Amino acid sequence: MNKTAKINFEKISLPNSGTVVLFTTKSNKLSDLAKELDTKNNKFITKAIKAANFKSAKSSILEILSPTITDPKSANYDRIILVGLGDNKDLTKIDWRHLGGTVCGHLLAKNIESATLITETENDAEFIANLGLGITLRQYKFDKYKTSKAKNNSDDETEKESELQKVSIQSIDASAAKKQFTNNLTPIQQGVFAARDLVNEPANILGPNEYAKRIKALSSLGLEIKILSDKELKSEKMHALLGVGEGSRQGSYLAIMQWKGGAKSEQPLAIVGKGVTFDTGGISIKGAGGMEDMKGDMGGSATVVGLMQTLAKRKAKINAVGVVGLVENMPDGQATRPGDILTSKSGQTIEVINTDAEGRLVLADALWYTQEKFNPKYMINLATLTGAIMVALGKEYAGLFSNNDELADMLVASGKDTGEQVWRMPLGEPGSSYDKLINSTFADMKNTGGRWGGAITAAQFLQRYVNETPWAHIDIAGVAMASNKSAINQSWGSGYGVDLLNNWISENFEK
Ligand code: BES
Ligand code: MN
Ligand code: ZN
């Protein structure tokens, strides 16, 4: 599946051959080692910098092919690659991660199988570890459905890249970097890859039945897993969630994953996800254009499942519960109709105006169940909930809605820290003018709020299923799938949110 290069953290010692990557800073300042090599060998680096008009801007690359080296005598390099750091002082851990991704992209594009990266400045070990994480994240590929023949004549350039086998990262404090990488960052990478895999998987393979099975198997990581299927969901009176799956040949599920790494008495952090494995719109069927993207409508749940794996793999010292509603939204003779009225687990009734506003129905019961059952300290849900959030924010930010300023501030801070950014949107109090937009003539509420502010009325709907619990809703429709490609993500399914929420947990509850 995902074969990524082995990453070694080593002490600084210039190799004699192969591909060597050196970093330069603003005004083309060479590191000590680079300077020595340059001086001893007829200034070949300085000359190349001049010839290429290289400026050492952040993430810029200059490749010097098979330089003539006389000292050390036995040295014979395929390439010396210079990578610009820009102004070294300003670099954050996310910059280092992106630098790793950029270097890795270059190595892949040039079919380089192994390389040695040498960072000589007194950089924080965390930065060097993040350089490694960037290299690994960049290599993610979802090619399990490409037969080997097709792989080589794919129209996707990235498919032609050969496997990078080994990357050595040399630095001053290599053992601290290695420790960081192994204990804290590899679990993030594993969670992100797991989430990307789930989002990329087609809906004929990953329907609710298969998804529930895959979650069940995560008990091997030390997670406590409980799966509620149709029968139990009926006795739990989750008719909002069940109403969405009515038209599907497959079952509907609520999957509960618990990680108990904290004290027994400690209230858990709850993360809830929308897991619509395919969203046709139901009877209010969507247009054909781009409907294939709706295999990714389980992106919120994928983030939850990925995050729970990250927490388990790094043995986080907190209690967390992940809850995902798994359903398929299909049109059928049995499917829920517009005008139907569903009674949710909370007892509140919902007039279904549009069967394509299904995510909020799933979350209504999942949120109510989670807060009733676990009394969480904080509850956060993630969902590819509305097209409207993309109209508002594009694909750069996820939309954040919260009933609690402190929680919102924590999440905005984690967004800045990880680069998985959130932008806070308005949310009205119960009874406010925003909230009133979902009042219904026939039931307690309707599942759509009219033409304007579609992402907000969706959030108002969810809020009606949250009591006193500090809660946040993150609308990830624009960032979970068909996401912007970056140095560290070339995948359709981005795995957005795993890093964000893992950071939120480690920064606020484990320090
Ligand atoms: N899953 C969609 C939202 C979506 C759209 C996610 C595009 C990712 C990309 C959601 O279930 C939906 O269909 N929402 C409707 C709500 C409307 C009917 C009130 C929408 O946004 O159009
Ligand atoms: Mn929909
Ligand atoms: Zn949907």
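This text follows the structure it describes.
Now for a quick tour of the structure. The structure presented is a predicted model; accordingly, all values stated were derived computationally and were not measured.

What counts, and where the lines are drawn
Residues numbered from 1 in each chain as written. Chains lettered and ligands numbered in written order. Predicted model: local features only at pLDDT ≥ 70, side-chain atom pairs only at ≥ 80, totals over all residues. Heavy atoms only, no water. Phe/Tyr/Trp six-rings, centres within 6.5 Å; stacked < 30°, edge-to-face > 60°. Helix = DSSP H or I, 4+ residues; strand = E, 2+ residues; numbered from the N terminus. Buried < 20%, exposed > 50% of the residue type's maximum accessible area, 1.4 Å probe, protein only. Lys NZ or Arg CZ within 6 Å of the ring centre and 35° of its normal. Axes fitted to C-alpha atoms, helices over the stretch in contact; angles between N-to-C directions. Parallel < 35°, antiparallel > 145°, perpendicular 65-115°, else oblique. Left-handed = near helix turned anticlockwise from the far one by under 90°. Contact = heavy atoms within 4.5 Å. Nonpolar A, V, L, I, M, F, W, Y, C, P; charged D, E, K, R; others polar. Donors = N, O, S within 2.8 Å, 3.2 Å for Na, K, Ca; no water. Tetrahedral: all angles 85-135°; square planar, octahedral: opposite > 155°, others 65-115°. Core = buried A, V, L, I, M, F, W, Y, C linked by side-chain atoms within 4.5 Å. Pairing = 2+ DSSP bridges. Near = heavy atom within 4 Å. Polar contact = N/O pair within 3.5 Å; in protein donor to acceptor, adjacent residues only side chain to side chain. Areas by Shrake-Rupley, 256 points an atom, 1.4 Å probe, with all protein chains shown as cover. Arc of directions from axis to C-beta. Salt bridge = Lys/Arg side-chain N within 4 Å of Asp/Glu carboxyl O.

## Notes on the packing of aromatic side chains
Under the defined criterion, the tally for this structure stands at eleven aromatic pairs. When the ring of Trp96 is compared with that of Phe127, the centres are 6.3 Å apart and the planes differ by 20 degrees; the resulting orientation is stacked. Here the residue Trp96 occupies a position in helix α3 (residues 93-109), and Phe127 occupies one in helix α4 (residues 125-138), the gap between them amounting to 31 residues. Here the aromatic rings of Tyr369 and Phe374 are separated by 6.5 Å at their centres, their planes lie at 70 degrees, and the arrangement is edge-to-face. Just as Tyr369 is buried, Phe374 falls in that class too. Grouped by ring-pair contacts, the aromatic residues Phe23, Trp96 and Phe127 constitute a single cluster. Lying over the aromatic face of Trp492, Lys295 brings its terminal NZ or CZ to 5.2 Å of the ring centre. A cation over a ring is seen here: Arg451 above Trp452, with NZ or CZ 4.5 Å from the ring centre.

## Re the packing of helix α6 (residues 174-200) against helix α16 (residues 498-509)
Viewed as axis vectors pointing N to C, α6 and α16 meet at an angle of 140 degrees, and their least axial separation amounts to 9 Å. In this view, α6 runs oblique relative to α16, as classed from their interaxial angle. For the pair α6 and α16, the sense of crossing is right-handed. Across the interface between the two elements, Ile188, Gly191, Val192 and Ala195 of α6 pack against Val498, Asp499 and Asn502 of α16. Of the residues contributing to the contact of α6 with α16, the split by class is four nonpolar, two polar and one charged.

## Topic: the coordination of the zinc ion (ligand 3)
Note on the zinc ion (ligand 3): its protein donors are Lys274 (NZ), Asp279 (OD), Asp297 (OD) and Glu358 (OE). The metal-donor distances range over 2.0 to 2.4 Å. Seen from the zinc ion (ligand 3), its six donor atoms lie at angles of 78 to 174 degrees, and the figure they make is octahedral. In primary sequence terms, the donor set of the zinc ion (ligand 3) follows K-x4-D-x17-D-x60-E.

## Here we look at the nonpolar core
Among the nonpolar cores identified, the biggest contains 95 residues, and Leu117, Ile215, Ile474 and Trp504 are the most heavily contacted of them. The element that contributes the greatest number of residues to this core is α6, accounting for ten residues. When near neighbours in sequence (up to four residues on either side) are disregarded, Trp504 contacts Leu269, Ile271, Tyr378, Ile380, Leu407, Met410, Leu411, Ser414 and Phe509. Counting 46 residues, the second-largest nonpolar core is a separate cluster that includes Leu233, Val321, Tyr369 and Leu393.

## Examining the sheet that holds strand β2 (residues 17-24)
What the six strands build is an open sheet, ordered β1-β6-β5-β2-β4-β3; its pairing is mixed. With one partner strand each, in any of the chains shown, β1 (6-10) and β3 (61-65) form the two edges of the open sheet. Each adjacent strand pair in this sheet contributes to an overall mean axis angle of 20 degrees, direction not counted. When β3 meets strand β4 (residues 76-84), the two strands line up antiparallel, connected through five bridges. Each bridged residue has a counterpart across the sheet, and for Glu63 the counterpart in β4 is Ile81. Its contacts with the sheet put helix α2 (residues 44-52) on β2, β3 and β4, and the angle it makes with β3 is roughly 125 degrees.

## Details of the site of ligand 1
Taken together, 17 residues lie near ligand 1, and Lys286, Asp297, Asp356, Glu358 and Gly387 sit nearest. A distance of 2.8 Å is found between an oxygen atom of ligand 1 and a side-chain nitrogen or oxygen belonging to Lys286. At 2.7 Å, a side-chain N or O of Asp356 approaches an oxygen atom of ligand 1. Protein burial of ligand 1: of its 520 Å² of free accessible surface, 77% is covered by the chains. Looking at the shell around ligand 1 residue by residue, the classes come out as five nonpolar, five polar and seven charged.

## Re α2
Those residues of α2 not exposed but buried are Phe44, Ile45, Ala48 and Ile49. The buried side chains of α2 occupy one side of the element, clustering within an arc of 135 degrees when seen end-on. Turned more than 90 degrees from where α2 packs its buried face, Lys50 and Ala51 sit exposed. Buried residues along α2 sit against β2, α1 (32-40), β3 and β4. Residue Asn53 follows α2 closely and has a positive phi angle near 55 degrees.

## Section: the pattern of salt bridges
Overall, the coordinates contain 22 salt bridges when judged by the stated rule. One salt bridge in this structure joins Glu63 and Arg79, with 2.9 Å as the shortest N-O distance. Taken together, the residues span a long stretch of sequence, with Glu63 in strand β3 and Arg79 in strand β4 at a distance of 16 residues. According to the relative accessible area criterion, Glu63 is partly exposed, its value standing at 21%. When its relative accessible area of 16% is taken as the criterion, Arg79 is described as buried. Between Glu224 and Lys260 there is a salt bridge, with its nearest N and O atoms 3.1 Å apart. In this pair, Glu224 is assigned in strand β7 (residues 224-228) and Lys260 in strand β8 (residues 253-260), connecting sequence segments 36 residues apart. Taking relative accessible area as the criterion, Glu224 reaches 43% and is therefore assigned partly exposed. Connected via shared salt-bridge partners are Lys144, Glu201, Glu210 and Arg214.

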